[in-house]
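# Summary of the model geometry
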Amino acid sequence: MFEACNFIFLLLISFLCLMPIIHILAISFSSGAAAAAGKVALWPVDFTTAAYENVFGKPEYLRAFSVSVQRVILGTSLSMLLMIITAYPLSKDPRQFRLRTFYAWLFVFTILFSGGLIPSYLTVKSLGLIDTLWALVLPTAIPVFNVILLLNFYRNLPKELEESSRIDGAGYFTTLWKIYVPLSLPALATTGLFTIVGHWNSWFDGMLYMNHTENYPLQTFLQTVIIKMDFRFIKAENAELMLKLSDRTSRAAQIFVAAFPILIVYPFLQRFFIKGIVMGSVKE
């Protein structure tokens, strides 16, 4: 009886979580008149794909999508590399790495205190990174929370593995890449997904560091779209398409297309979450 009630309760919670996504999807496939009249709930009314035709016909939307994809690929690759080579030495015993405690607290300090918005902007500007992809990648290249998860995961691995590799003549880098990294795939998948979602969903840094709209990542572009609907890019010969659109259907289509990549990636990495987070959050 408990398992049945628990299953039904979790099923209802899952449905409540999915309802906003289903509602947005239904609006995106509905006619502009039906959406504007508030007739759409969880099923499209007057089914049409006009909103998606409008979205994929916008060069500025596709350009913003491309910027976000480049950001995710570059940012995730760089962050994962820096996280691995940062977490490995910090996972060592102070007898092996004397300044381990000092550097660990130095990283933790950055979680509690930051320089602020203006110093961050001035730093990025002084480095000549304004209006470049690096401005979206470098300031968050080492997410300290993910580093802590990864170093605690490393600390839970048997020390005998490293000792045996050292006896066989392997150096620290060989031990890291040949033993630690393959064994830490659950933690790497977890932190990697956190990094991907963080880069994909971030919008404020794009608005802060980009002076030209053509350099906006997708979420920054969507933020401007949600504030103000823009019909400038609908050509005169597409008047019929324009009649089927409304600000709600166009926004809904753009929001769903932006969320779709994460919805696809998440299920493949979700199975690593429990093992990666639990093992990475336990300290010896």
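For the structure itself, consult the block above.
Throughout what follows, the structure given in this document is the object of discussion. Being a predicted model, the structure only gives us computed values, none of them experimental. (Residues numbered from 1 in each chain as written. Predicted model: local features only at pLDDT ≥ 70, side-chain atom pairs only at ≥ 80, totals over all residues. Heavy atoms only, no water.)

For Asn54, the location among the structural elements is in helix H3 (residues 50-56). Residue Asn54 is classed as buried on the basis of its relative accessible area, which comes to 6%. (Helix = DSSP H or I, 4+ residues; strand = E, 2+ residues; numbered from the N terminus. Buried < 20%, exposed > 50% of the residue type's maximum accessible area, 1.4 Å probe, protein only.)

What follows is about the side chain of Asn146. On the secondary structure map, Asn146 appears in helix H8 (residues 144-155). With near-sequence residues (within four places) excluded, Asn146 lies in contact with Met83, Thr191, Phe194 and Thr195. (Contact = heavy atoms within 4.5 Å.)

In this section: the nonpolar core. By size, the foremost hydrophobic cluster in this structure holds 20 residues, and its most contacted members are Tyr61 and Leu218. Listed by contribution, the elements that provide at least two residues to this core are H3, helix H4 (59-90), helix H11 (185-201), helix H13 (218-227) and helix H15 (247-270). In terms of residue count, the dominant contributor to this core is H15 (five residues). What Tyr61 contacts, discounting residues up to four positions off in sequence, is Val55, Leu218, Phe221, Leu222, Gln254, Val257 and Ala258. If you look at the next biggest cluster of nonpolar residues, it comprises 17 residues, including Val147, Phe153, Tyr154 and Leu188. (Core = buried A, V, L, I, M, F, W, Y, C linked by side-chain atoms within 4.5 Å.)

Applying the stated criterion across every chain yields a total of 13 aromatic pairs. Look at Tyr121 and Tyr209: their rings are 6.4 Å apart centre to centre, the planes differ by 5°, and that puts the pair in the stacked class. Of the two residues, Tyr121 is situated in helix H6 (residues 117-126) and Tyr209 in helix H12 (residues 204-209); the sequence distance between them amounts to 88 residues. Exposure remark for Tyr121: the relative accessible area of 25% places this residue in the partly exposed category. Overall, Tyr209 belongs to the buried group, its relative accessible area being 6%. (Phe/Tyr/Trp six-rings, centres within 6.5 Å; stacked < 30°, edge-to-face > 60°.)

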